[in-house]
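# An overview of the molecular structure
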Amino acid sequence: MTRTLSAAEHSLSDRPRFDCRNAYVDTLVELAGADHRIVGVVNDSVGSSKLEAFKKAFPDRLINVGIAEQDMVGVAAGLANGGRIPFVSAASCFLTARAMEQIKADVAYSDRNVKLCGMSPGMAYGELGPTHHSIEDIAWLRAIDNIVVVVPADPIETAAAMRWAAATEGPVFIRVSRMSVPQIYADDYTFQPGKAITVRAGDDVTIISNGTVLWRALVAAEQLAADGISARVISMPTVKPLDVDAVVAAAGETRGIVTAEEATAAGALGGAVAEAVVQHHPVRMKILGVPEFAPTGSAGYLLDRYGMSPGGIAEAARTLLT
């Protein structure tokens, strides 16, 4: 499907930036006000999850288990078993790595109605280095059955994904960006799981992206257009389930596919797209992601280092056309 952007693509790099955690807590308060079943579960990260407003509004519905991520996910599964709808908020690096067994067994395998919210994902903790980078979370969770994996690109999509998750039975993981991003979607955007969004039409090459890198992909497409190259930009907010039809269409209608994401280059969005391409319509690809333990440094610096500046994405697209 094609969606209208909130502003012209070429202005994205100059637009105001937003911390998606603010949209997260505002939406959680809204949802909890309308549904008494919604509770928050947190690992002593009320501040970094920006949950102060939720704590003030619903002090009896925020369960802080302390620095105990395995207990946190287990408690959430128990709450879901009792009819609650828990939103679990924790730094994505600790939520997924430390509690992977509980996510697999207590949530996904047991099919509990738990909403896992990975805060400050990717390389948002920058200067804290590889121990705090959460670049592997998407690849890990893709390997687990029965969990929807969502990577929103802006505050509008973050809020829309949360509303969908609250109204949908079953396990969901949502990345909630700390790295500031411009608004991409119009205020009336509605999230649809498993559906890609063509945010820019193009016939020469396709760029598939999500999360904090999507706006950079759109700016890259503007740079390519200046050189006479028509780049299709596809937003893929749901990495699992993947919109295979959109990938296959891009493979058949353009000369190559670039994927770009704030995640490991192995097994995340790029891996999912490559699996679809090789099985259904082989085409040249370039996977942009993080190929190693990323060093310390700001998230913006690190994305640029790994070829995900707008210029880097544009250059990757050009290589597929030579």
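Note that the structure is predicted; figures quoted are calculated from it, not measured. (Residues numbered from 1 in each chain as written. Predicted model: local features only at pLDDT ≥ 70, side-chain atom pairs only at ≥ 80, totals over all residues. Heavy atoms only, no water.)

Residues of the protein with pLDDT of at least 70 account for 97%, and the chain-wide mean is 95. Note on residues 6-10: pLDDT is under 50 here. Beyond four places in sequence and across chains, it has twelve contacts. (pLDDT = per-residue confidence, 0-100. Contact = heavy atoms within 4.5 Å.)

Looking now at the nonpolar core. Of all hydrophobic cores here, the largest spans 71 residues; its most connected members are Tyr24, Leu51 and Phe87. Ranked by the residues each element gives to this core, the list is headed by helix α8 (residues 214-226), at eight residues. (Core = buried A, V, L, I, M, F, W, Y, C linked by side-chain atoms within 4.5 Å. Buried < 20%, exposed > 50% of the residue type's maximum accessible area, 1.4 Å probe, protein only. Helix = DSSP H or I, 4+ residues; strand = E, 2+ residues; numbered from the N terminus.)

Turning to the sheet that holds strand β12 (residues 238-240), a few remarks are in order. The seven strands lie next to each other as β3-β2-β4-β5-β7-β6-β12, forming an open sheet whose pairing is mixed. Of all strands in the sheet, those with a lone pairing partner are β3 (62-64) and β12, marking the two edges. Across the sheet, the axes of successive neighbouring strands diverge by a mean angle of 20°, strand direction being ignored. Note that strand β2 (residues 38-42) and strand β4 (residues 85-91) share five bridges and pair parallel. In the strand pairing of β4, Gly40 is matched with Phe87. Each of β2, β4, β5 (115-119) and β7 (172-176) touches helix α1 (residues 20-34); the most contacted strand, β4, lies at about 160° to it. (Pairing = 2+ DSSP bridges. Axes fitted to C-alpha atoms, helices over the stretch in contact; angles between N-to-C directions.)

Right, let's talk about the packing of α1 against helix α7 (residues 155-167) for a bit. Running from N to C, α1 and α7 cross one another at 35°; their axes reach a closest spacing of 8 Å. α7 is crossed by α1, and the crossing has right-handed handedness. Every residue of α7 that contacts α1 at Cys20, Ala23, Tyr24, Thr27, Leu28, Glu30 and Leu31 is listed here: Pro155, Thr158, Ala159, Met162, Arg163 and Ala166. Classifying every residue of the contact of α1 with α7 gives nine nonpolar, two polar and two charged. (Left-handed = near helix turned anticlockwise from the far one by under 90°. Nonpolar A, V, L, I, M, F, W, Y, C, P; charged D, E, K, R; others polar.)

So, about the pattern of salt bridges. Using the criterion set out here, one finds 13 salt bridges in the structure. Of the charged contacts in the structure, one is a salt bridge between Asp19 and Lys50, with a shortest N-O distance of 3.6 Å. With Asp19 in the loop between β1 (17-18) and α1 and Lys50 in the loop between β2 and α2 (52-57), this residue pair connects regions lying 31 residues apart in the sequence. Among the residues examined, Lys50 registers a relative accessible area of 25% and is labelled partly exposed. Taking the shortest distance from any N to any O, the salt bridge between Arg163 and Glu30 comes out at 3.0 Å. Remark: Glu30 occurs in helix α1 and Arg163 occurs in helix α7; sequence separation between them is 133 residues. Assessed through its relative accessible area of 38%, Arg163 is described here as partly exposed. One salt-bridge network, in which partners are shared between bridges, spans Asp19, Arg21 and Lys50. (Salt bridge = Lys/Arg side-chain N within 4 Å of Asp/Glu carboxyl O.)

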